[in-house]
Amino acid sequence: MSDHQISGDQPQPRNLKKVGIVAGVVALAVVALGIGTRVNADHNLQTVAHEDAVPTVTVVTPTSNAAGQGLTLPGNIQAYNSAAIYARTNGYIRSWQADIGDRVSAGQTLAIIDAPEVDQQLAQAQADYQTASANQSLARTTAVRWDALLARDAVSKQEADEKRGALAANTALTNAQSANVRRLRALKGFTRLEAPFAGVVTSRSAQVGALIVSGTAASQPLFTVSDIRRVRIFVRVPQGNSGQIHPGMEAKVSVPEFSGRTFTARLTRTAGAVDPSSGSVLVQLEADNSDGALKPGAYAQISFPLATSSGITLPASAVIVREAGTVVAVVDAQNRIHIRPVTISRDEGAVVQIGSGLTGRERIVDTPPDAIAEGDQVRVNKASAKVAG
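One numbering rule holds for all chains: residues counted from 1, following each sequence as written. With the structure being a predicted model, the display of local features is reserved for residues of pLDDT at least 70 and the display and counting of side-chain atom pairs for 80 or more, all residues being used for whole-chain, interface and lining totals. To get the side-chain values, take all heavy atoms of the structure and skip hydrogens and water.

## Regarding the pattern of salt bridges
- Every case where a carboxyl oxygen of Asp or Glu lies within 4 Å of a side-chain nitrogen of Lys or Arg is listed as a salt bridge. Applying the stated rule across the entire model yields 13 salt bridges.
- We note a salt bridge from arginine 94 to aspartate 114, for which the minimum N-O separation is 2.6 Å. With arginine 94 in strand β4 (residues 91–96) and aspartate 114 in strand β6 (residues 109–114), the pair connects residues that are 20 residues apart, well separated along the chain.
- Burial classification: accessible surface area is computed with a 1.4 Å probe over protein chains only, and a residue below 20% of its type maximum counts as buried, one above 50% as exposed, and the rest as partly exposed. For arginine 94, a relative accessible area of 47% puts it in the partly exposed group.
- Measuring nitrogen to oxygen at the nearest pair gives 2.1 Å for the salt bridge that ties aspartate 161 to arginine 164. One end of the pair is aspartate 161 and the other is arginine 164, both in helix α4 (residues 157–189) and three residues apart, which spans about a single turn. Runs of H or I in DSSP of at least four residues are treated as helices and runs of E of at least two as strands, each being numbered from the N terminus.

## Some thoughts on the pairing of strand β21 (residues 363–366)
- At least two bridges found by DSSP between two strands is the condition for calling them paired. Examined bridge by bridge, strand β1 (residues 56–61) and β21 share three bridges and lie antiparallel to one another. Following the sheet pairing, valine 59 is matched in β21 by valine 365.

## Considering the environment of serine 356
- With respect to the secondary-structure elements, serine 356 resides in strand β20 (residues 351–356).
- For serine 356, a relative accessible area of 36% translates into the label partly exposed.
- As a C-alpha pair, serine 356 and valine 342 span 14 residues in sequence and 5.6 Å in three-dimensional space.
- Throughout, a residue-residue contact means that at least one pair of heavy atoms, one from each residue, lies within 4.5 Å. Residues in contact with serine 356, not counting those within four places in the same chain, are Pro341, Val342 and Thr343.

## Brief notes about unusual backbone geometry
- Even without a glycine there, the phi angle at aspartate 153 is positive, about 60 degrees.
- Its location among the elements puts aspartate 153 in the loop between α3 (116–151) and α4.
- Positive phi is not limited to glycine here, since threonine 367 has a value of about 55 degrees.

## A look at α4
- Here the expected span of a helix is defined as 1.5 Å times the quantity of residues minus one. Given a rise of 1.5 Å per residue, 33 residues ought to cover 48 Å, and the 48 Å separating the end C-alpha atoms of α4 matches this to within 8%.
- Within α4, the full set of buried residues consists of Ala160, Leu167, Asn170, Thr174, Gln177, Ser178, Val181, Leu184 and Leu187.
- Residues of α4 that are buried make contact with α3.

## Some details on the sheet that holds β6
- Strands sit in the order β7-β6-β4-β9 across an open sheet of four strands; the sheet is antiparallel. Single-partner strands in this sheet number two, and they are β7 (192–194) and β9 (211–212).

## Focus: a nonpolar patch on the surface
- Without a salt bridge and with relative accessible area above 30%, a residue can belong to a patch; like charges are then joined within 9 Å and nonpolar side chains (Val, Leu, Ile, Met, Phe, Trp, Tyr) within 5 Å. Each accessible area is a Shrake-Rupley estimate made with a 1.4 Å probe; only the visible protein chains count as cover when residues are assessed. A grouping of Tyr92, Leu211 and Val213 is seen on the molecular surface, where their side chains present a nonpolar patch of about 310 Å² in accessible area.
- Tyrosine 92 sits in the partly exposed class, given a relative accessible area of 44%.

## Details of the nonpolar core
- Buried residues of nine kinds, namely Ala, Val, Leu, Ile, Met, Phe, Trp, Tyr and Cys, make up a nonpolar core once their side-chain atoms join them within 4.5 Å. Membership of the largest hydrophobic core comes to 26 residues, with the highest contact counts inside it found for Ile233, Val235, Leu285, Ile302 and Phe304.
- When contributions to this core are tallied by element, the ones reaching two or more residues are β3 (71–85), β10 (223–238), β11 (250–254), β12 (263–275), β13 (280–288) and β14 (299–304).
- Look past the residues within four positions of phenylalanine 304 in its chain and what remains in contact with it is Gly70, Leu71, Leu73, Val235, Ile245, Met249, Ala251, Leu267 and Leu285.
- In terms of nonpolar packing, the next biggest core, distinct from the first, is built from 18 residues, Ile93, Leu110, Ala206 and Leu222 among them.

## Points about the packing of α3 against α4
- Between the N-to-C directions of two axes lies an angle of 0 to 180 degrees, each axis being a line fitted to C-alpha atoms and, for a helix, fitted only over the stretch in contact. Running from amino to carboxyl end, α3 crosses α4 at an angle of 160 degrees, the nearest separation of the two axes being 7 Å. Looking at the two axes, α3 sits roughly antiparallel to α4. Note that α3 runs across α4; the crossing there is left-handed.
- Here the nonpolar group is Ala, Val, Leu, Ile, Met, Phe, Trp, Tyr, Cys and Pro; Asp, Glu, Lys and Arg are the charged ones; every other residue, Gly included, is treated as polar. Looking at the contact of α3 with α4 residue by residue, the classes come out as 16 nonpolar, twelve polar and ten charged. Throughout this description, any angle smaller than 35 degrees is read as roughly parallel, any larger than 145 degrees as roughly antiparallel, any in the 65 to 115 degree range as roughly perpendicular, and the remainder as oblique. Here is the rule for handedness: rotate from the far helix to the near one, and if that takes an anticlockwise turn smaller than a right angle the crossing is left-handed, while a clockwise turn gives right-handed.

## Some points on the pairing of β12
- As paired elements, β11 and β12 share four bridges and run antiparallel to each other. Looking at β12, one finds that alanine 251 is bridged to alanine 265.
- As judged from the six bridges shared by β12 and β13, these two strands associate in the antiparallel manner. Counted as the bridge partner of threonine 270 is valine 283 from β13.
- Hairpin connection from β12 to β13: four residues lie between these consecutive antiparallel strands, with glycine 279 at a positive phi of about 65 degrees.

## Observations regarding the environment of leucine 173
- Looking at the element boundaries, leucine 173 is found in helix α4.
- For the pair leucine 173 and asparagine 135, spaced 38 residues apart in the sequence, the C-alpha separation amounts to 9.3 Å.

Don't take any of this as a statement about function, it's just geometry.
In structure tokens form, the structure reads like this:
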């Protein structure tokens, strides 16, 4: 084999150099691509983290109330008179004469109780009274006789005084036994449960044969009688409106079961004091209920014809109560938060009326997070933005 052939089979140094350069360039390209991908991923991660750090909030736009809308408040309807009837004597229910929904008159029997122990005690008391009365009669006769003998000096004054003393003691004993008889007769009278006034039986727990134990006022009453020809309606008026409330004014009453129908009630009494726990004044209204449409214990809406000033209405969920006072979170044009103090002129439960602090053109954060602070950047969820009602 010639030297020329051997040299042709071996790679030339120039070719090796080219291969090395190409491999280096490829390696650098791979490294650069990896670094670029990683930098881009880090940048994307920072962008996502920054976007996630900005909370998304729902905003509401306040609404303005027109003046003269009046004041509507919840109230509770109660019977004009209502009496829970308990047993005053021990025994068993023999029968009940009235059931729920029955109209009863004053003095009408509701139930009869068998009380054999009271009957026996009354019989014994009457016998004791007869004995004491007989002893009193004998003592009176004896005292009269001894007084006659004393006038003739036939007996000593001491003996006559003893007979008069015995008469006085027997008289006192007779009076005590007579009082005991009257007490047991009254107790026996309680075996007949009667309606204290004309009304409707609104509850009955008496069952025939049931054992009745007196003196347990904490237990369930045997009957409840309510006079519903007129009803009382109790309403708590906020302190800010209490100055316009006075006895004699009329109000409209509506109840859920009669949609579209209103009843007229007249304000008769006011507590004249603010309840510190609720910041309201308790008032009482009365309404005619001859048709029985208003039910005791029912919930009602009472509308007072008050002249209310214009105000800003917000959902109660948009109000933040903090140690410094009541505030709302306002979103500006750059979607930054500004904490603004406000005053509440009226709280209607689901919504509140703002007395001062807002113009009515702000965007207010609804249900703001507790950690929201002045200057926070937020993202407004425009799809869920709404107007406060």
